Amino acid sequence: MYKWMRAFPLITILVASAIANAQTKLQPGFNLFTPEQDIEVGQQSAVKAEQQLPILNDAEVTAYVDRIGQRLASKAGGYPYQYHFKVVNASDINAFALPGGFVYVNRGVVDNARNEGEVAGVMAHEVSHVALRHGTHQASKAYIADAGLTVLTGITIGKAGLLRGLILDRIGGVGLNAAFLKNSRENESDADVRGSQILAAAGYSPADMANFFKLLEKADPSKRTNFLADHPAPPDRIARIEKEARLLRVTDTPTQNVEQLKTIQARLSTFGPARTTSQIEQMSASASKSSRARTPAKPVSVDVPAPSRALTSYASSSGLYRVSYPSNWKVDESSSSGVTIAPPGGLTEVDGNPEVIYGAIINRYDPIEASGAEVTLQSATRDLIRAIEKSSPYLHEVSRSTQNLQVSGAAALAATLGGPNPATGMNERVTVVTRKLSDGDLGYLVFVTPEKDADTYRNALQAMVTSMQISH
């Protein structure tokens, strides 16, 4: 008996080692950012995000969510980020994470959960996005793929991946930046797997996460739309979580801790109903519009020569495309396939930010995958237009402006956006021309002019579109 007792710790170690070896091994993907820069980016983004979102500043509710979050974060692995957890007073069942450990949980998650494990399930998923560095991994992929991180200016990270000045402001300081929040199905699957491991290590069950996704499937569509848009579901999501639970050799019995959750839910009910994310965004846009109306921008004076009828051509260094453009315009290369082509004076600086007043941006875009749906030219174009409207809220798509056309022998779309640019004080017209590439990305040309000069530049736009040759 004494020998058996002495051997017991060794048996425990061997069993634990076997379980650890059985679980799926995950590593962060390619990244141009350092973990320290993740924190820098996350801090800047969190400040901006909290200016846009109604944070629920209730000590009891925040402490409850933070307790669960810190329990999970202690088992997250990877770089030792200091995690921060806050509750957004929004009714949607959703959550998101910014690089460096900044996690936000919508009130709708807590309101609709049936036990603490389901709250922990969605939070473990978000902690996994941080631990696996998915936000800056996605930004790095966008850079390498020449997608650009700012749709209308083509700004990219420097060669060393260092964030300085305007780059930090545009990439890290914009708050709810799509480049950091847009996850692929592969990211989502990895976060499910790593989240299952974190739940098991923290004393919860992977079944808690599976049950959360089952709850989401049954929820009112208006409450789950944003989660499915931000977290495109990988195939057989629940089956994959259940498989990881078997590899971990843990029980499939969900956590049954409900007493404190019910106390928190009762407290939340005293605060009145929360708004939806859509309502919050509309209120924010209205406030921003009112602010701009009170402080109109001083019109920018620009002296730009008319576009030459003579054309010259440009071929991207990646070999992706070739295009003709007016010979008195200049090419400003932002990356190996993304460029701005503009007349002298057409690309200027307004309040320290680059602004295309006359000219074209040619680049590629990695569209968000809709849950369970194939990415089509139409859906990818819609996603790109939404991204433009989000980054430039003064722009709105012109009704019935979408046209079908051919670019380099394949189907393409063209759409027009317009609105008063608060930075220049001029009404702006933006024409977006899109075509799918063979790798699933979207090739696009964005043509910008003041509305008053749109007819003058119509032939230049037509020449660029008809001359475009794409290699795949």
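Residues numbered from 1 in each chain as written. Predicted model: local features only at pLDDT ≥ 70, side-chain atom pairs only at ≥ 80, totals over all residues. Heavy atoms only, no water.

Turning to the overall build of the protein, a few remarks are in order. Within the protein, the regular secondary structure consists of 16 helices and 16 strands. For the protein, the proportion of its 472 residues judged to be buried stands at 50%. Considering only contacts in the protein between residues 6 or more positions apart, those separated by 24 or more positions represent 66%. Put simply, the protein shows about 21,900 Å² of open surface, and 52% of that area lies on carbon and sulfur atoms. (Helix = DSSP H or I, 4+ residues; strand = E, 2+ residues; numbered from the N terminus. Buried < 20%, exposed > 50% of the residue type's maximum accessible area, 1.4 Å probe, protein only. Contact = heavy atoms within 4.5 Å. Areas by Shrake-Rupley, 256 points an atom, 1.4 Å probe, with all protein chains shown as cover.)

Moving on, we get to the sheet that holds strand 16 (residues 469–470). Spatially, 4-5-16 is the arrangement adopted by the 3 strands of the open sheet, whose pairing is antiparallel. If you trace the sheet from one side to the other, it starts and ends with strand 4 (311–315) and strand 16, each paired once. With 5 bridges connecting them, strand 4 and strand 5 (residues 321–326) associate as antiparallel partners. Residue pairing in the sheet places A315 in a bridge with R322 of strand 5. (Pairing = 2+ DSSP bridges.)

Here we take up the pairing of strand 12 (residues 403–407). Across 5 bridges, the pairing between strand 12 and strand 13 (residues 410–421) is antiparallel. Opposite V407, over in strand 13, you have A410 as the bridge partner. In this antiparallel pair of consecutive strands, strand 12 and strand 13, the connection spans 2 residues, and S408 shows a positive phi of 50 degrees.

Relative to the helices and strands, T255 resides in the loop between helix 12 (237–248) and helix 13 (259–269). Using a relative accessible area of 15% as the deciding quantity, one classes T255 as buried. Each C-alpha atom of the pair T255 and A120 lies 9.5 Å from the other, and the pair is 135 residues apart in sequence. Ignoring sequence-local partners within four residues, the contact set of T255 consists of N115, G117, Y204, S205 and D208. Within the structure, the side chain of T255 is placed 2.6 Å from the side chain of D208, a separation counted as a polar contact. (Polar contact = N/O pair within 3.5 Å; in protein donor to acceptor, adjacent residues only side chain to side chain.)

Considering every residue of the protein, the mean pLDDT works out to 80; 77% of them sit at 70 or more. This model gives residues 1–8 a pLDDT under 50, and the stretch forms 0 contacts once residues within four places in sequence are excluded. Ignoring residues within four places in sequence, the model shows residues 290–294, a span with pLDDT below 50, making 1 contact including any to other chains. (pLDDT = per-residue confidence, 0-100.)

Two elements in contact, helix 10 (residues 206–218) and helix 12, have axes whose closest approach is 9 Å; the angle formed by their N-to-C orientations is 170 degrees. By the angle between their directions, the pair helix 10 and helix 12 is classed as roughly antiparallel. Packed against helix 10, whose contacting residues are P206, M209, A210, F213, K214 and E217, the element helix 12 presents R237, I238, I241, E242, A245 and L248 at the interface. The residue inventory of the contact of helix 10 with helix 12, partitioned by class, reads 8 nonpolar, no polar and 4 charged. (Axes fitted to C-alpha atoms, helices over the stretch in contact; angles between N-to-C directions. Parallel < 35°, antiparallel > 145°, perpendicular 65-115°, else oblique. Nonpolar A, V, L, I, M, F, W, Y, C, P; charged D, E, K, R; others polar.)

We now examine the packing of helix 9 (residues 185–201) against helix 12. Running from N to C, helix 9 and helix 12 cross one another at 40 degrees; their axes reach a closest spacing of 9 Å. Taken as axis vectors, helix 9 and helix 12 run oblique relative to one another. Seen along the crossing, helix 9 lies across helix 12 with a hand that is right-handed. Residue-level contacts link E188, S189, D192, V193, S196, Q197 and A200 of helix 9 to R237, R240, I241, E244 and L248 of helix 12. Residues belonging to the contact of helix 9 with helix 12 are distributed by class as follows: 4 nonpolar, 3 polar and 5 charged. (Left-handed = near helix turned anticlockwise from the far one by under 90°.)

The terminal C-alpha atoms of helix 15 (residues 377–391), which comprises 15 residues, lie 21 Å apart, in line with the 21 Å expected from a rise of 1.5 Å per residue. Within helix 15 the residues assigned to the buried category are L377, A380, T381, D383, L384, I385, A387 and I388. Looking at the buried positions of helix 15, the neighbouring elements they touch are strand 10 (359–365), strand 11 (396–397), strand 13, strand 14 (426–436) and strand 15 (442–450). (Expected span 1.5 Å × (residues − 1).)

This next bit is on the packing of aromatic side chains. Inspection of every chain in the model, using the stated rule, returns 9 aromatic pairs. Considering the side-chain rings of Y81 and Y83, the 6.4 Å spacing of their centres and the 85 degrees angle between planes classify their relative orientation as edge-to-face. We note that Y81, like Y83, is buried. An aromatic cluster is built from Y79, Y81, Y83 and F85, whose rings are joined through pairwise contacts. Sitting over the face of the ring of Y204, R71 holds its NZ or CZ atom 3.9 Å from the ring centroid. Its guanidinium or amino end placed over the ring of F213, R237 lies 4.1 Å from that ring's centre, counting from NZ or CZ. (Phe/Tyr/Trp six-rings, centres within 6.5 Å; stacked < 30°, edge-to-face > 60°. Lys NZ or Arg CZ within 6 Å of the ring centre and 35° of its normal.)

Burial along strand 2 (residues 95–98) is two-sided: A95 and A97 and F96 and L98, pointing in opposite directions, are all buried. Sheet analysis places strand 2 next to strand 3 (residues 102–106), joined by 4 bridges and oriented antiparallel. Across the sheet, the residue bridging to A97 is V103, located in strand 3. Adjacent in sequence and paired antiparallel, strand 2 and strand 3 are bridged by 3 residues, among which G100 carries a positive phi angle near 85 degrees.

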